Amino acid sequence: MESEYYEPQYEILNILDNLITRLAYPQNTFTRILITNTSTAVAPVTVDLFVEDPPNIPTAGTVYYILHQVIIPAGASLEIGKDQLAYFSDNRRQLKFQSSNVGGDVTILIRK
């Protein structure tokens, strides 16, 4: 009997710094993104979620914000559905995330 290969339907990213992080999946395969503040200091975190045009197209470097300086309280989550991501479904664009907290303190669950 052949064993079946199970492909995970989600990816979990633990953001550990305040550098810009590129989210790996092409955005047109997302069904939702869940962003959770995991701060142990019970502090809010400010986040940005955006797409950026790549260097090989005329609008290179142009940023389109999905979330811009959104505050997520400690222990809270924010869900973004496919409807909010549909506008940014061009696979040439790169989906990126940034936390204001030096320690990151954010977990992102990306569901395919």
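Chemist: Would you mind showing me how to read the overall build of the chain here?
Modeler: Within the chain, the secondary structure is distributed over one helix and eight strands. Here the chain holds 112 residues, and 34% of them are scored as buried. Long-range contacts, defined here as pairs at least 24 residues apart, represent 78% of the contacts in the chain between residues at least 6 apart. Counting every atom, the chain has about 6800 Å² of accessible surface; 53% of that belongs to carbon and sulfur.

Chemist: Any chance you could explain the pattern of salt bridges here in plain terms?
Modeler: This model, assessed by the stated rule, comprises two salt bridges. The shortest N-O distance in the salt bridge between glutamate 79 and arginine 32 comes to 3.4 Å. Of the two residues, glutamate 79 sits in strand S6 (residues 77-81) while arginine 32 sits in strand S3 (residues 32-37), which places them 47 residues apart along the sequence.

Chemist: Honestly, the sheet that holds S6 in this entry has me stumped. Any pointers?
Modeler: Two strands in a sheet stick together by hydrogen bonds in their backbones, pointing the same way (parallel) or opposite ways (antiparallel). Judged by pairing direction, the sheet is antiparallel, and its four strands sit side by side in the order S1-S8-S3-S6 without closing on themselves. Only two strands of the sheet have a single neighbouring strand rather than two, namely strand S1 (10-15) and S6. Neighbouring strand axes in the sheet, compared pairwise and without regard to direction, differ in orientation by 15° on average. Where S1 and strand S8 (residues 106-111) come together, six bridges link them in antiparallel fashion. By the bridge assignment for S8, leucine 13 is matched with isoleucine 108.

Conventions and cut-offs
- Residues numbered from 1 in each chain as written.
- Predicted model: local features only at pLDDT ≥ 70, side-chain atom pairs only at ≥ 80, totals over all residues.
- Heavy atoms only, no water.
- Helix = DSSP H or I, 4+ residues; strand = E, 2+ residues; numbered from the N terminus.
- Buried < 20%, exposed > 50% of the residue type's maximum accessible area, 1.4 Å probe, protein only.
- Contact = heavy atoms within 4.5 Å.
- Areas by Shrake-Rupley, 256 points an atom, 1.4 Å probe, with all protein chains shown as cover.
- Salt bridge = Lys/Arg side-chain N within 4 Å of Asp/Glu carboxyl O.
- Pairing = 2+ DSSP bridges.
- Axes fitted to C-alpha atoms, helices over the stretch in contact; angles between N-to-C directions.

Worth remembering: the numbers are spatial, not functional.
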